[in-house]
Amino acid sequence: MTRPTQDADPLIAIRDLSVSFATSAGPAEVLRNVTLDLGRGRIVGLVGESGSGKSTLASAITRLLPANLSRLDGGILYEGRDLLAEPEAAVAALRGSRFAMIFQDPMGALNPVFRVGTQLVDLQRAKAPKASRRDRMARAVAMLTRVGIPDAARRIRDYPHQFSGGMRQRIMIAAALLCEPDLLIADEPTTALDPTIEGQIVALIDELRHGFQGTILLISHSLGLVSHLCDDVAVLYAGALVERGPAAAVLGAPRHPYTRALLACEIGADVVRRATLATIPGDAPDPTRLPPGCVFAPRCSQAIDSCRDAVPELRPVDGDGGHAAACLLV
Ligand SMILES: Nc1ncnc2c1ncn2[C@@H]1O[C@H](COP(=O)(O)OP(=O)(O)OP(=O)(O)O)[C@@H](O)[C@H]1O
Ligand SMILES: [Mg+2]
């Protein structure tokens, strides 16, 4: 049974989110009116070509936006609070306690001068302030073992550079899980890894999701990876959410021409293979010079004149199943 995406009480409700950055060519409109729910306990895949705004969406939730931010509108609702209206310090306090992140480059997130154990002990402070160092160390060893670090009790005294890239990504996953976050954001967690290791990390995420209560936002170029792991999918194109819904519906019966084009680009049946999305004719628009109307129209083989008149709204395509697409032709 597939549950609808739009459950009545999502963990995070993103409403009409617009983000622009100041550039020498004028404001870059990187996200426009994005509305999306991240349901409790769901794995939500966020897909789209490079530059579509995936990482910016994650940065808006965690308020790690760059200094040249020139517009931040809309709402991001979490536990009755609008994160965009909260002081930055309040959102910073949620990072590392309620929100955890795994990035493409795990070395960037681990501190090279501290032993892995020290870092895994420290990050438990927010969640378990009263636990002894010894207890936290024991939890860290258990978690490292769980994510597949052999001989964890000894290796926990090593420094990050003493681990391979795949092992460092496992450590980052352990770090994220030790926080017991409500929301885990994984931004291209396997892109920097070679295909064998990538497969192992995908299998690990697949296995761990069963013991994890929180919501996962999985950002990926790979529709195969997303269809393998995710309950729901959201498709971004040039800062606009063009389609969203249960993964089986969006990837099994895509309605937006962009989603269809993305799927057509996916190579082969191997579900965890990385896709090259560059085979859709034309380029994504420059965010400082977006076309009028539907942002995909200039590349869409089915576009008609009225597609260029107004930005299409995201409309349900299957009643209340949560599947919606922003296309005049749907
Ligand atoms: N600080 C900034 N100033 C100006 N433009 C920016 C800034 N940060 C990002 N952008 C632009 O915003 C758009 C979205 O970037 P973002 O990193 O969110 O895309 P993405 O979907 O995560 O891409 P990728 O798949 O390559 O990681 C891109 O056009 C990018 O060039
Ligand atoms: Mg990105």
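Residues numbered from 1 in each chain as written. Chains lettered and ligands numbered in written order. Predicted model: local features only at pLDDT ≥ 70, side-chain atom pairs only at ≥ 80, totals over all residues. Heavy atoms only, no water.

This is how it is decided: UniProt positions are given in the numbering used here, feature names are shortened, and annotations may be inferred rather than shown by experiment.
Going by what an unreviewed UniProt entry lists, the protein chain is known as ABC transporter ATP-binding protein and is assigned to Azospirillum cavernae. UniProt, in the comment section headed Sequence similarities (unreviewed entry), describes the protein chain in these words: "Belongs to the ABC transporter superfamily." The annotation that UniProt attaches to the protein chain under Subcellular location (unreviewed entry) is "Cell inner membrane".

1. Topic: the site of ligand 1
Our working definition: Nearness of a residue to a molecule or strand requires only that one of the residue's heavy atoms be within 4 Å of it. Note on areas: Shrake-Rupley, 1.4 Å probe, and residue coverage restricted to the protein chains presented here. The secondary structure listing takes helices from DSSP runs of H or I that are at least 4 residues long and strands from runs of E that are at least 2 residues long, numbered from the N terminus. The classification used treats Ala, Val, Leu, Ile, Met, Phe, Trp, Tyr, Cys and Pro as nonpolar, Asp, Glu, Lys and Arg as charged, and all other residues, Gly among them, as polar.
Of all residues adjacent to ligand 1, which total 15 residues, the nearest are Ser50, Gly51, Lys54, Thr56 and Asn68. Bound to the protein, ligand 1 loses 67% of the 640 Å² it would expose on its own. Among the elements that take part in the shell around ligand 1, helix 1 (residues 54-62) stands out by supplying three residues, more than any other. Partitioning the shell around ligand 1 into residue classes produces four nonpolar, nine polar and two charged.

2. Regarding the UniProt feature "domain: ABC transporter" (unreviewed entry) in the protein chain
The UniProt record annotates "domain: ABC transporter" (unreviewed entry) at residues 14-263. Taken end to end, residues 14-263 comprises 37% helix and 27% strand; its first and last C-alpha atoms sit 25 Å apart.

3. Digging into helix 5 (residues 133-146)
How we decide: A helix is expected to span 1.5 Å for every residue after the first. Only protein chains enter the accessibility calculation, which uses a 1.4 Å probe. A residue is then buried if its area is under 20% of the maximum for its type, exposed if over 50%, and partly exposed in between. The arc under discussion is defined with respect to the helix axis, by the directions toward the C-beta atoms. The criterion used for residue contact is that any of the two residues' heavy atoms lie within 4.5 Å.
Taking 1.5 Å of rise per residue, the 14 residues of helix 5 would be expected to cover 20 Å, and the 20 Å separating its terminal C-alpha atoms lies within 8% of that figure. Buried residues of helix 5: Arg136, Ala140, Val141, Met143 and Leu144, and no others. Projected down its long axis, helix 5 carries its buried residues within an arc of 165 degrees, all on one side. On its buried face, helix 5 is in contact with helix 4 (116-122), helix 6 (152-155) and helix 7 (165-178).

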